[in-house]
Amino acid sequence: MKRNIQLILALLVLLAGKSWAQPNGLDDYNLVWTSQSANSSESMPCGGGDIGLNVWVENGDLLFYLSQSGTFDENNCMLKLGRVRMRLSPNPFDGETFRQELHMKEGFVTIQGEKGGLKATAKLWVDVFRPVVHVEVEANRPVSVEATYESWRTKDRSLRKLESVANSYKWAAPEGLMTKADQVKFADGGVLFCHRNTGETVFDITVRQQQLDAVKDQLSNPLENRTFGGLMQGENMISAGETSGKYIDTEFKGFMLRSKSPAKKQELKIYLHTAQTESQDVWENELTELRSQSLKAGKTAFQQTQNWWSDFWNRSFVFIQPNNKNERSESWQVGRNYQLFRYMLACNAYGKYPTKFNGGLFTVDPVFTDSTRAFTPDFRNWGGGTFTAQNQRLVYFPMLKNGDFDLLPAQFDFYLRTMKNAELRAKTYWGHDGACFTEQLENFGLPNPSEYGWKRPEDYDPGMQYNAWLEYQWDTVLEFCHMIIQNQQYSGADISKYLPLIQSSLKFFDEHYRYLARERGAKDLNGNGQLVLYPGSSCETYKMAYNATSTVAALKTVIEELLALPEEYSSKINHEFFSDMQKRIPPISFREIGGHQTIAPARLWERVNNTEVPQLYPVYPWGIYGVGLPDLDVALNTWKYDPDALQFRSHKGWKQDAIFAARLGLTNEADSLVTLKLKDSGRRFPAFWGPGFDWTPDHNWGGSGMIALQEMLVQEVKSKIFLLPAWPKGKDVHFKLHLKNNTTIEATWESGRLVKLDVWPVERKADVVNCLE
């Protein structure tokens, strides 16, 4: 049903965008390799729907890793679904001519080879609306194909020291922890592979650790009976026995299919399915139904997928120096890599779970990111089922201006599903209402158990994380509330189902800080009738903060946005309560540095723990200061003179200095930082940045760069559209982006002048302010 609804939405968006031309320049950004890869680190992403493939050719073999959204095991590691190895005989991929190409506009990868007059092409594509991987092989002469499903989980595997950093136990794994075996066998003329969670999971351990057993039966548990895997079948293929071997650092067992007879055309299909089911039999029946649906769709599935990708690229684009293709030019690379990263995000368009900041669907053997991590391909730093809000937001915010509104629900629904668990935390521990979301959040809505703390003082508040980095950091959910409301402002989406989430997240702060004030004394507000937001945390950086600027700005902005929603939402919003709460929010704090007024990170704080710059969060994401807004000089002073802002400045990972610079209209600084962000990564696939502070490919590295580039091109303040507010006058660009009130803007800046400007609806063209004229 969900996929049917998404198909309808996609068709509606396609119809709405018919008046816009398809971006022809996208073909210039196709990535082409004319030599084979050395290993999986030189792979190329391919995917769609909720599936990601890492595709490469090594020693004449075509290989790809399989990943799908939501494949969380008992330890909450996000397991890959295996690796596929294909070999043609005779083998044209190991000859004198080789070409591997990512066709971005069409969403697929092709591999072409020629040897001794034998020519062949393999096309890999993923059905956007059904979780099926297709590999189509076509040759000018009959060839035989071997397709081997390779698994490193055919038996229980004990986890080594530090290997649990990939799951929810992180550095504190219990003795004897293991990854349980998958079931892999020949079945239905193919290879059936499956992992089913059984027994006690990290959810059970966490509930017990955090003293929530009394409400356990009310808590949502996404790990129980979670089952994932698939079926690999080949047209004209039969089982051909088992193999074994070792790839990089991991031993594997292979299950081979082989052509019955040589043929010019052959196809391999892999049907993937992830669900929580009462039994494995139910899961297998659902997999069979998926196969039937795919077969029924036939060739229309490819056309539907092509239509989806066509619509996707028609929504938005950014071409830099479009008339001067030069792959050595960092400016040109920035434009190309922006599109490549957007393609990677689209591969999890309809996943039930959000795209993970620490690698998404495209991690590979970990030793190529960190030579000390000689673990299986399932490994990534910072966990699989753990979602870190300050990182995740950077993956999803750029989707607004890209017009990728259908990609947003995966992140929104994550918080909606976990809201009840967050509310039960507040009610159980402190006896009040509101949803208490933490910064590092498990997919079941509770704090990560190792970040919560295994060794805690006996009398320590069980609702608190015993953690110097994360204590009192509750405000990050408000960025997603802001994102939800912005989705309504941009696209007109119906956000009714999310209003309980927004209101509960806001209410927590009013309830909890008044509760804490009553614990300290007789009054629950300060002398001005305002909340005393103490203890708090301004990001992870300024700890034990009093009136943290990140929290104050978030509360002010989200409440204002909530109360300003259209009339149709009025009956679903407690206007009286939030109008009163709005008056209880304390002001943003300031401080003087060298005679200059600047934004302070908080009114007071006890220590500095990380390297974020929350004193500039009123610039982004909260939009209180910036181009076209009052007191811009105060924000500029903060950028120029705040010693921490200067010391912490960087382009790496989740650092958002490039965004701050763009929002402040600092053209040279923004251009320099965005170039460092989005130029070629140094890896064979140029948008596999990282690891930064996290893992490769670093999606919050790409996301923050994408946001900054958008803000350089266009900003919207009140009713005004600021065109090119931080764009270098001498750099050509052609872009199409989205703004509020279903507005789309397409502009071309060439040779120092504006040569094209189209705005829809047309009446909004009068709102445009050209910042370069």
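None of the values given here were measured: they were computed from a predicted structure.

K.L.:
Quick rundown of the overall build of the protein chain? Include the residues and the values.
P.N.:
A tally of regular secondary structure across the protein chain gives 18 helices and 31 strands. For a compact globule of 773 residues, the expected C-alpha radius of gyration is about 28 Å, and the protein chain comes in at 26 Å, within 12% of that figure. Considered along the principal axes of its C-alpha atoms, the protein chain spans approximately 85 × 65 × 50 Å. With 773 residues in all, the protein chain has 65% of them scored as buried. If you sum the accessible surface of the protein chain, you get close to 27,500 Å²; carbon and sulfur atoms cover 48% of it. Of the charged side chains in the protein chain, 86 are positive and 92 negative, and the gap between their average positions amounts to 2 Å.

K.L.:
How would you summarise unusual backbone geometry if you had to cite specific residues and measurements?
P.N.:
The omega torsion of the bond from Thr696 to Pro697 falls at -5°, within 30 degrees of zero and hence cis. Mapped onto the elements of the fold, Pro697 is located in the loop between α17 (667-678) and α18 (699-713). With an omega of 0°, the peptide bond running from Trp760 to Pro761 counts as cis. Mapped onto the fold, Pro761 is located in the loop between β30 (753-760) and β31 (768-770). Positive phi values are uncommon outside glycine, yet Leu162 reaches one of about 75°. Along the chain, Leu162 falls in the loop between β10 (157-158) and β11 (178-179). One non-glycine residue, Lys170, lies in positive phi territory at about 50°. Following the sequence through the fold, Lys170 ends up in the loop between β10 and β11. Of the residues examined, Lys170 reaches a relative accessible area of 4% and is grouped as buried.

K.L.:
Pulling in residues and values, what's your account of the state of the cysteines?
P.N.:
Throughout the structure, instances matching the rule amount to 0 disulfides. Distance from the sulfur of Cys436, which forms no disulfide, to the nearest cysteine sulfur (Cys481) is 13 Å. Its sulfur unpaired, Cys539 is 16 Å from the next cysteine sulfur, which belongs to Cys481.

K.L.:
Just give me the short version of the nonpolar core, but keep the residues and values in it.
P.N.:
In this structure, Phe64, Leu66, Leu709 and Phe735 are the most contacted members of the largest nonpolar core, which totals 217 residues. When residues of this core are assigned to their parent elements, the largest contribution, 10 residues, is made by helix α8 (residues 409-430). Leave out the neighbours within four places in its chain, and Leu66 touches Gly52, Leu53, Lys80, Leu81, Gly82, Val84, Val133, Tyr149, Phe193, Ile270 and Leu272. Residues Tyr271, Trp283, Leu287 and Leu290 belong to the second largest nonpolar core, which totals 9 residues.

K.L.:
Give me the packing of helix α11 (residues 499-520) against helix α13 (residues 575-583): which residues, what numbers.
P.N.:
Contact pair α11 / α13: the axes reach a minimum separation of 11 Å and the direction vectors enclose 45°. Put simply, α11 runs oblique to α13. The element α11 and its partner α13 pack so that their crossing is left-handed. Taken together, the residues of α13 that come into contact with α11 (itself represented by Gln503, Leu506, Lys507, Phe509 and Asp510) are Phe577, Phe578 and Met581. Residues belonging to the contact of α11 with α13 are distributed by class as follows: 5 nonpolar, 1 polar and 2 charged.

K.L.:
Give me the pattern of salt bridges: which residues, what numbers.
P.N.:
As enumerated under the stated definition, the model contains 40 salt bridges in all. With its nearest N and O atoms 3.8 Å apart, the salt bridge here joins Glu42 to Arg684. Remark: Arg684 occurs in the loop between α17 and α18 and Glu42 occurs in the loop between β1 (31-33) and β2 (44-48); sequence separation between them is 642 residues. For Arg160, the salt bridge identified is with Glu163, shortest N-O distance 3.4 Å. Judged by relative accessible area, which is 5%, Glu163 ranks as buried. Residues participating in the shared-partner salt-bridge network are Asp61, Arg83, Arg85, Arg87 and Glu150.

K.L.:
So what's going on with the sheet that holds strand β22 (residues 542-545)? Which residues, and what values?
P.N.:
The 3 strands are arranged β21-β22-β25 in an open sheet whose pairing can be described as antiparallel. Whereas interior strands pair on both sides, the edge strands pair on one side only; in this sheet they are β21 (536-538) and β25 (607-608). The pairing of β22 with β25 spans 2 bridges and is antiparallel. Across the sheet, Tyr542 pairs through a bridge with Val608, a residue of β25.

K.L.:
Now, about the sheet that holds β30: what can you tell me, with residues and values included?
P.N.:
With antiparallel pairing, 4 strands are arranged side by side in an open sheet as β18-β28-β29-β30. Edge positions in the sheet fall to β18 (317-320) and β30, since each has one partner strand and no second. Taken over all neighbouring pairs, the strand axes of this sheet differ in orientation by 15° on average, direction set aside. Bridge count between β18 and strand β28 (residues 733-739): 4 bridges; the pairing is antiparallel. Its bridge partner being in β28, Val318 is matched across the sheet by Phe735.

K.L.:
Which residues make up the environment of Ile559, and what are the values?
P.N.:
Following the sequence through the fold, Ile559 ends up in helix α12 (residues 549-563). Owing to a relative accessible area of 0%, Ile559 belongs among the buried residues under this scheme. Ile559 sits 19 residues away from Phe578 along the chain, and the two C-alpha atoms are 6.7 Å apart. Not counting residues up to four positions away in its chain, the partners in contact with Ile559 are Leu506, Phe578, Met581, Gln582 and Ile585.

Reading the values: rules and limits
Residues numbered from 1 in each chain as written. Predicted model: local features only at pLDDT ≥ 70, side-chain atom pairs only at ≥ 80, totals over all residues. Heavy atoms only, no water. Helix = DSSP H or I, 4+ residues; strand = E, 2+ residues; numbered from the N terminus. Rg over C-alpha atoms; globule rule 2.2 N^0.38 Å. Buried < 20%, exposed > 50% of the residue type's maximum accessible area, 1.4 Å probe, protein only. Areas by Shrake-Rupley, 256 points an atom, 1.4 Å probe, with all protein chains shown as cover. Lys, Arg positive; Asp, Glu negative; His and termini not counted. Charge placed at Lys NZ, Arg CZ, Asp CG, Glu CD. Disulfide = S-S within 2.5 Å. Core = buried A, V, L, I, M, F, W, Y, C linked by side-chain atoms within 4.5 Å. Contact = heavy atoms within 4.5 Å. Axes fitted to C-alpha atoms, helices over the stretch in contact; angles between N-to-C directions. Parallel < 35°, antiparallel > 145°, perpendicular 65-115°, else oblique. Left-handed = near helix turned anticlockwise from the far one by under 90°. Nonpolar A, V, L, I, M, F, W, Y, C, P; charged D, E, K, R; others polar. Salt bridge = Lys/Arg side-chain N within 4 Å of Asp/Glu carboxyl O. Pairing = 2+ DSSP bridges.

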